[in-house]
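Descriptive structure summary
Here is what each chain is made of, one letter per residue.
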Amino acid sequence: MTRIISGAAGSLRLRVPGSGTRPTSDRVREGIFSSLEARGALEGARVLDLYAGSGALGLEAISRGASTLVLVDKAPAAAAACRANAALVAKAAEMAPAALRVVPASVPTFLAGDSGVYDLVFLDPPYSLPPAELVLALERLVPRLDEDATVVLERSSRLPGPPLPDGLVEERARTYGDTVVALLGRA
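An account of the accompanying structure is given in this report.

Quick notes on helix α2 (residues 56–63)
An α-helical segment advances 3.6 residues per turn. Residues three or four places apart therefore align on the same side. Where burial is concerned, most of α2 is hidden: eight out of the eight residues are buried. Of the positions making up α2, those classed as buried are Ala 56, Leu 57, Gly 58, Leu 59, Glu 60, Ala 61, Ile 62 and Ser 63. Phi turns positive one or two residues past the end of α2, at Gly 65, with a value near 120°.

Some points on unusual backbone geometry
Excluding glycine, residues mostly have negative phi values, and the peptide bonds linking residues are mostly trans. Phi angles above zero are rare outside glycine, and Ser 11 is one such case at about 75°. By relative accessible area, which is 55% here, Ser 11 ends up exposed. A positive phi is found at Glu 94, a non-glycine position, where the angle reads about 55°. Looking at where Glu 94 falls in the secondary structure, it is placed in the loop between α3 (76–92) and β5 (100–103).

Observations regarding the sheet that holds strand β3 (residues 46–50)
Strand order in the open sheet formed by seven strands is β5-β4-β3-β6-β7-β9-β8, and the pairing between neighbours is mixed. Across the chains shown, the open sheet's two edge strands, defined by having one partner strand only, are β5 and β8 (168–176). Each neighbouring strand pair of the sheet contributes to a mean axis angle of 15°, computed without reference to strand direction. The pairing of strand β6 (residues 118–123) with strand β7 (residues 145–156) spans five bridges and is parallel. The residue of β7 that forms the bridge with Val 121 is Val 151. Most of the contacts of α3 go to β5, to which it runs at about 175°, and overall it touches β4 (68–72) and β5. Helix α5 (residues 131–141) rests against β3, β6, β7, β8 and β9 (179–186) of the sheet, and its axis sits at about 175° to β6.

Considerations on the nonpolar core
Membership of the largest hydrophobic core comes to 34 residues, with the highest contact counts inside it found for Ile 32, Leu 36, Leu 59, Leu 120 and Phe 122. Elements supplying a minimum of two residues to this core: α1 (26–39), α2, β4, α3, β5, β6 and β9. In contact with Leu 120, not counting residues within four places along its chain, are Leu 36, Ala 41, Leu 42, Ala 45, Arg 46, Val 47, Leu 48, Ala 61, Thr 150 and Val 152. Judged by nonpolar contacts, the second largest core, of 26 residues, contains Tyr 51, Leu 138, Leu 153 and Leu 168.

Considering α3
With 17 residues, α3 extends 25 Å from end C-alpha to end C-alpha; this agrees with the ideal 24 Å at 1.5 Å per step. Taken together, the buried positions of α3 are Ala 78, Ala 79, Ala 81, Cys 82, Asn 85, Ala 86, Val 89 and Ala 90. Projected down its long axis, α3 carries its buried residues within an arc of 160°, all on one side. Exposed residues pointing more than 90 degrees away from the buried face of α3 are listed as Pro 76 and Lys 91. Check the buried side of α3 and you find it contacts β2 (13–14), α2, β4 and β5. The first or second residue beyond α3 is Glu 94, which carries a positive phi of 55°.

Some remarks on the pairing of β5
Taken together, the four bridges between β4 and β5 define a ladder with parallel strand orientation. Across the sheet, the residue bridging to Val 70 is Arg 101, located in β5. In this view, the connection linking β4 to its parallel neighbour β5 by way of α3 has right-handed handedness.

Rules used throughout
- Residues numbered from 1 in each chain as written.
- Predicted model: local features only at pLDDT ≥ 70, side-chain atom pairs only at ≥ 80, totals over all residues.
- Heavy atoms only, no water.
- Buried < 20%, exposed > 50% of the residue type's maximum accessible area, 1.4 Å probe, protein only.
- Helix = DSSP H or I, 4+ residues; strand = E, 2+ residues; numbered from the N terminus.
- Pairing = 2+ DSSP bridges.
- Axes fitted to C-alpha atoms, helices over the stretch in contact; angles between N-to-C directions.
- Contact = heavy atoms within 4.5 Å.
- Core = buried A, V, L, I, M, F, W, Y, C linked by side-chain atoms within 4.5 Å.
- Expected span 1.5 Å × (residues − 1).
- Arc of directions from axis to C-beta.
- Right-handed = clockwise from strand over helix to strand, strands pointing away.

Here you go:
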């Protein structure tokens, strides 16, 4: 079961696509959001959740005070789950549904055409994603980041981290079993 951990929509159960996704565990999400709250990175944040799956990471940010959210996933089942979950969280958080947008597109395609600026970005790609595609996503993401933005990159602990493009630096990383969560910032 995937649920919102805390905030206005705390304990709300989320729909998860039947296959093709790897939901972030509650333990890992608690660690991520503890770090983000300590940084003051949530209140009023413009959030982008790439490879969104169920949308749990971005929706947790909304529940905890972020102002807007874009969820991006190309899989039709994931996009449908994101739409359903966004509607539930918007209602629980008493937000206008327009503040939460779902985009059914590949991440590189979305970033190539997007003009938004974001304060907080989640990247939780499939562990099988070719490294070149992740590097391309990071390169296209840099111009979309506010100067104080935080990027949360989740990856397998069995694989090395991707080379970071100019404009991004790893500020810290923490390992949770077979998952590494890296917090990246603007260089």
